[in-house]
There are 2 protein chains.
Amino acid sequence: MTQIDRQSIPVPTLRRMPAYCNYLKSLSVKGIVYVSTTAVANDLNLIPIQVRKDFEYTRLSGKPKIGYNLELLIEAIEYILGWNKMSNAVIAGVGNLGKALLSYQGFKNYGLDIIAGIDQDKKKHGKEVAGRKVYPPEQIGVLVKENKIGIGIITVPAESAQLMADLFVKNGITALWNFAPVRLNVPADVVVQNENLASSLAVLSQRIKQQKEK
Amino acid sequence: MTQIDRQSIPVPTLRRMPAYCNYLKSLSVKGIVYVSTTAVANDLNLIPIQVRKDFEYTRLSGKPKIGYNLELLIEAIEYILGWNKMSNAVIAGVGNLGKALLSYQGFKNYGLDIIAGIDQDKKKHGKEVAGRKVYPPEQIGVLVKENKIGIGIITVPAESAQLMADLFVKNGITALWNFAPVRLNVPADVVVQNENLASSLAVLSQRIKQQKEK
DNA sequence: TTTTTATCAATATAAATATATCTATTTAAG
DNA sequence: CTTAAATAGATATATTTATATTGATAAAAA
Ligand SMILES: NC(=O)c1ccc[n+]([C@@H]2O[C@H](COP(=O)([O-])OP(=O)(O)OC[C@H]3O[C@@H](n4cnc5c(N)ncnc54)[C@H](O)[C@@H]3O)[C@@H](O)[C@H]2O)c1
Ligand SMILES: NC(=O)c1ccc[n+]([C@@H]2O[C@H](COP(=O)([O-])OP(=O)(O)OC[C@H]3O[C@@H](n4cnc5c(N)ncnc54)[C@H](O)[C@@H]3O)[C@@H](O)[C@H]2O)c1
């Protein structure tokens, strides 16, 4: 295939995109206008070839000896990531992790707005976390309708995660971000992104082991 | 290569290991003794070939028509993951995320014990989060010496992350789990595992986009 | 202007990972 | 005891991702 299929950006490339975006923005505030893949690679501990390959998915082209136009590049990456327009989300489970995510200001830069929390715990109903109200599960329907919720975030204990997923799906949410360590069963048209700290820890443990063997 | 090199387990395999482990343990409590890769694959939405490939890294062999011995399999995976023996960790930054991680009971099953918190904020010193005390940064040295700390967890704001990394490294910690959205500069012999929610969100956004195009 | 140099772009190769196929083995059923 | 079915294990192939190579191009230097 000689032409790059814009629709199928490799996942590893996609995962590097936010880092590019943040880095490029940091250059932008310094008043820099052009950036070369060599420079990017150098600062992000990558190799230039990989950066160039990744940038190809923006459909932009750079100028030899000069590099890419910073503004256009940022715009293109933000477009790819969907960071240029906000998606509304609701988070189910306002416990330790749920509160942390609700309080996190960084998501705004990533095009994500968690507009409300859902929790079983009656004591939490009506309370606010970082300016976002907590509602009982029965309220999901209303919340979704009134706020164009696209994403459901799951931070309830593992045993309730499937229940919450079902509730989200029943109310028309088709994208789930799941922090509970379980595999969710959902209809084929629902997208699930699992966040699994155990997986990361597994990789870290292994690397520590190998490090010790040297 | 016909013989599998035990030392170099592919990262994707490694990332699946915790899910296997949890699943197998759930079978174990039901009194099941043997499990086939077909059954595992079925329940975890994987394909049997992949499960079999992954299990090869345990160096165990299963019996046709029967499967693998559950106990041995769990033991082998826990050994690979290092979950059979505890590693002590310290977490720097007892804010929203830091508190959530400190409070998380799941890590105990993953061989990780976060024994203390480190924070700049004087108001937090001496306080406890989930039974773990919070200390000022100057205390790291003592903590490391007294508790055989192997892992430093970084949940401070991005701008302080490098500072914390340096402090950890200076005190002999050679493995970092970094939740701040920055790339850390560390000596070559220090292992860094970056946890990047932005990356995951990028993948999710993209999948939502593709979903809509259908 | 000509040469040099940095960098992009296109193409090729390699490595890692996932999937498929085939054979041998074991057990359970007949 | 024989046979059929299930499944591990070995090997082969395909796919995806990473890296290397080569040539073209534009800017800066000679
Ligand atoms: N805390 C962490 O650092 C961490 C790390 C990794 C994964 N996780 C996972 O995230 C999830 C939440 O962890 P946590 O530490 O925040 O737990 P938590 O117990 O602090 O919070 C869970 C919250 O969910 C609510 N809840 C329970 N059942 C519910 C239901 N059916 N409907 C609505 N709300 C319900 C509870 O009231 C509580 O507020 C767990 O699945 C955990 O495994 C947490
Ligand atoms: N909260 C989230 O859900 C979330 C999600 C993804 C990433 N992160 C990242 O995790 C990090 C922490 O996020 P947070 O929401 O917990 O922030 P926070 O502001 O709630 O907590 C930060 C804590 O670090 C402490 N701190 C600051 N500088 C320090 C220093 N030099 N030494 C020691 N302690 C110091 C502060 O006192 C505070 O307690 C950030 O880098 C953030 O980008 C957070």
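Asker: What am I meant to see in the sheet that holds strand E5 (residues 128–129) of chain A here?
Answerer: Note on sheets: strands pair through backbone hydrogen bonds, and any given pair is parallel or antiparallel. Residue and element names in this part refer to chain A. Strand order across the open sheet formed by seven strands is E5-E6-E4-E3-E7-E8-E9, with mixed pairing between neighbours. Taken across any chain shown, the strands that pair with only one partner, and hence form the sheet edges, are E5 and strand E9 (191–194). Against the sheet, helix H6 (residues 140–147) contacts strand E3 (87–92), strand E4 (112–118), strand E6 (132–135) and strand E7 (149–154), and its axis sits at roughly 155° relative to E4.

Asker: Looking at this structure, I do not really get the site of ligand 1. What am I missing?
Answerer: Near ligand 1, the surroundings consist of 22 residues, among which A:Asn96, A:Leu97, A:Asp119, A:Lys124 and A:Val156 are the closest. One chain alone does not account for the residues near ligand 1; they come from chains A and B. One nitrogen or oxygen atom from the side chain of A:Asp119 is found 2.5 Å from an oxygen atom belonging to ligand 1. Here ligand 1, which alone exposes 820 Å², has 86% of that area covered by the protein. Those elements that provide at least two residues to the shell around ligand 1 are helix H5 (96–103) and helix H7 (158–170) of chain A together with helix H5 (96–103) of chain B. Here the shell around ligand 1 takes three residues from H7(A), the largest share from any one element. Of the residues contributing to the shell around ligand 1, the split by class is 13 nonpolar, six polar and three charged.

Asker: Can you walk me through the site of ligand 2 in this structure?
Answerer: The environment of ligand 2 is made up of 22 residues, and the closest members are A:Tyr104, B:Leu97, B:Asp119, B:Lys124 and B:Val156. This site is not confined to one chain, since residues near ligand 2 come from chains A and B. The contact in question runs from an oxygen atom of ligand 2 to an N or O atom on the backbone of B:Val156, over 2.7 Å. For the shell around ligand 2, the secondary-structure elements that each account for two or more residues are H5 of chain A together with H5 and helix H7 (158–170) of chain B. Broken down by element, the shell around ligand 2 gets its largest block of residues, three residues, from H7(B).

Asker: What's the story with helix H4 (residues 70–81) of chain B in this structure? I'm lost.
Answerer: Helical geometry: 3.6 residues make up each α-helical turn, so side chains three or four residues apart lie on a common side. Between the first and last C-alpha of H4(B) there are 16 Å, a value that for twelve residues agrees with the 16 Å anticipated at 1.5 Å per step. Considered for burial, the residues of H4(B) that qualify are B:Leu70, B:Leu73, B:Ile74, B:Ala76, B:Ile77, B:Glu78, B:Ile80 and B:Leu81. Looking at the buried positions of H4(B), the neighbouring elements they touch are helix H8 (197–213) of chain A together with helix H1 (11–28), strand E1 (34–35), helix H3 (48–56) and strand E2 (68–69) of chain B.

Asker: Is there a simple way to think about the packing of aromatic side chains in this case?
Answerer: The way to describe two aromatic rings as a pair is by their centre distance and the angle between their planes. All names here are of chain B. In the structure shown here, the tally under the stated rule is 14 aromatic pairs over all chains. Judged by centre distance (5.3 Å) and plane angle (85°), the ring pair of phenylalanine 55 and tyrosine 68 falls under edge-to-face. A residue pair is termed long-range when its members are at least 10 positions apart, and phenylalanine 55 in helix H3 and tyrosine 68 in strand E2 qualify at 13 residues. Tyrosine 68 carries the same exposure label as phenylalanine 55, and that label is buried. Ring geometry for tryptophan 177 and phenylalanine 179: centres 5.1 Å apart, planes at 50°, overall tilted. Phenylalanine 179 shares its class with tryptophan 177; the two are buried.

Asker: When you look at the protein's contact with DNA strand D in this model, what are you seeing that I'm missing?
Answerer: The environment of DNA strand D is made up of 21 residues, and the closest members are A:Pro64, B:Thr37, B:Arg52, B:Ser61 and B:Tyr68. Looking at DNA strand D alone, sugar and phosphate atoms form 69% of those within 4 Å of the protein. When contributions to the surface near DNA strand D are tallied by element, the ones reaching two or more residues are helix H1 (11–28) and helix H3 (48–56) of chain A together with helix H2 (37–44) and H3 of chain B. With three residues, H3(A) is the single largest residue contributor to the surface near DNA strand D. In the surface near DNA strand D, the residues fall into eight nonpolar, seven polar and six charged.

Criteria and thresholds
Residues numbered from 1 in each chain as written. Chains lettered and ligands numbered in written order. Predicted model: local features only at pLDDT ≥ 70, side-chain atom pairs only at ≥ 80, totals over all residues. Heavy atoms only, no water. Pairing = 2+ DSSP bridges. Helix = DSSP H or I, 4+ residues; strand = E, 2+ residues; numbered from the N terminus. Contact = heavy atoms within 4.5 Å. Axes fitted to C-alpha atoms, helices over the stretch in contact; angles between N-to-C directions. Near = heavy atom within 4 Å. Polar contact = N/O pair within 3.5 Å; in protein donor to acceptor, adjacent residues only side chain to side chain. Areas by Shrake-Rupley, 256 points an atom, 1.4 Å probe, with all protein chains shown as cover. Nonpolar A, V, L, I, M, F, W, Y, C, P; charged D, E, K, R; others polar. Expected span 1.5 Å × (residues − 1). Buried < 20%, exposed > 50% of the residue type's maximum accessible area, 1.4 Å probe, protein only. Phe/Tyr/Trp six-rings, centres within 6.5 Å; stacked < 30°, edge-to-face > 60°.

By themselves, these are just geometric observations and shouldn't be taken as functional.
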